[in-house]
Amino acid sequence: MFSSKLCRQELQKKSKLIHLGQVENHLSFIETGIIRLYVPKKDDELTFGFVFNGAFVSAYDSFITQTPSEYVVETITDTILWRISHKDLQEVYSSTKIGNLIGRKASEELYLKKSKRELTLLSHTAEERYLKLFEERPELIRKIPLKYIASYIGITPQALSRIRKRIT
């Protein structure tokens, strides 16, 4: 039943899954691609998350509460997603055991990413955060523009450039 509710979607680089103020209506699984979560600011953007292939992605707080998102979800690369709507997921939850298991696993994965991100920001230097990101996904991080990486680790692109020079 769960798989019958999934819709495959191919998106080009720079496609927005969710705009600021839009209600998230899908939980998505990334078959291939990289997605960025960010808060648009007047003069810039604050990147707070990257999601890679093989993981779930969503403006999950908006998805759960069905309220407008306070951030944007956008593809960095061409991306293939498998998506299920909020309505269909609720139906799967109410009628199958496997649906509840999949939902729990998705929410646990999204929570752990958020928790890990918060702890990293509180307990590691910008250089350590960069090295950790590079260590975890070296083949994919090369596809992410440096300005997004700098924003993600909480520094300017110029400071990231200095870190990169120092460690190479």
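Residues numbered from 1 in each chain as written. Predicted model: local features only at pLDDT ≥ 70, side-chain atom pairs only at ≥ 80, totals over all residues. Heavy atoms only, no water.

Enquirer: Help me understand the overall build of the protein chain in this model?
Expert: Scanning the protein chain from terminus to terminus reveals eight helices and eight strands. The C-alpha atoms of the protein chain give 17 Å as radius of gyration, which agrees with the globular expectation for 168 residues (15 Å, within 12%). Oriented by its inertia axes, the alpha-carbon framework of the protein chain measures out at about 55 × 30 × 30 Å. Within the span of the protein chain, comprising 168 residues, buried residues form 42% of the whole. Residue pairs in contact within the protein chain that sit at least 24 positions apart in sequence constitute 73% of those at least 6 positions apart. Element-wise, carbon and sulfur atoms account for 56% of the exposed surface of the protein chain, whose accessible area totals about 9700 Å². (Helix = DSSP H or I, 4+ residues; strand = E, 2+ residues; numbered from the N terminus. Rg over C-alpha atoms; globule rule 2.2 N^0.38 Å. Buried < 20%, exposed > 50% of the residue type's maximum accessible area, 1.4 Å probe, protein only. Contact = heavy atoms within 4.5 Å. Areas by Shrake-Rupley, 256 points an atom, 1.4 Å probe, with all protein chains shown as cover.)

Enquirer: Which parts of the structure should I look at to understand the packing of helix α5 (residues 126–136) against helix α8 (residues 157–167)?
Expert: To characterise two packed helices, one gives the angle between the axes of the helices and the distance between these axes. At their nearest, the axes of α5 and α8 sit 10 Å apart, and the two run at 70° to each other. The angle between α5 and α8 places the two elements in the roughly perpendicular class. Along this stretch, α5 crosses α8, giving a crossing that reads as right-handed. Residues A126, E127, Y130 and L131 of α5 form the contact with α8, whose participating residues are L160, I163, R164, R166 and I167. A per-class count over the contact of α5 with α8 returns six nonpolar, no polar and three charged. (Axes fitted to C-alpha atoms, helices over the stretch in contact; angles between N-to-C directions. Parallel < 35°, antiparallel > 145°, perpendicular 65-115°, else oblique. Left-handed = near helix turned anticlockwise from the far one by under 90°. Nonpolar A, V, L, I, M, F, W, Y, C, P; charged D, E, K, R; others polar.)

Enquirer: Help me out: how do you make sense of the packing of aromatic side chains in this one?
Expert: Two measures describe an aromatic ring pair: the distance that separates the ring centres and the angle between the ring planes. Under the criterion given, the structure shown has five aromatic pairs. Each ring, one from F48 and one from Y71, has its centre 4.9 Å from the other, and the planes form 90°; the classification is edge-to-face. Note that F48 is positioned in strand β5 (residues 45–52) and Y71 in the loop between α2 (60–65) and β7 (72–75), a separation of 23 residues in sequence. Look at Y71 and you get buried, because its relative accessible area is 9%. Cation over ring: R36 sits above Y38, and NZ or CZ is 3.8 Å from the ring centre. The side chain of R36 reaches across the aromatic face of Y148, ending 3.6 Å from its centre. (Phe/Tyr/Trp six-rings, centres within 6.5 Å; stacked < 30°, edge-to-face > 60°. Lys NZ or Arg CZ within 6 Å of the ring centre and 35° of its normal.)

Enquirer: Sorry if this is basic, but what is going on with the sheet that holds β5 here?
Expert: Note: strands within a sheet are paired through backbone hydrogen bonds, in either parallel or antiparallel orientation. Taken in spatial order, the four strands of this open sheet run β2-β7-β4-β5, and their pairing is antiparallel. Looking at which strands have only one partner, the edges of the open sheet turn out to be β2 (16–18) and β5. Within the sheet, the average angular offset between the axes of one strand and its neighbour, ignoring direction, is 30°. In this sheet, β7 lies alongside β2 in antiparallel orientation, the contact comprising two bridges. Looking across to β7, one finds that I18 is bridged to V73. The sheet contacts of helix α7 (residues 146–153) involve β4 (34–40), β5 and β7, and relative to β5 the element is tilted by about 100°. (Pairing = 2+ DSSP bridges.)

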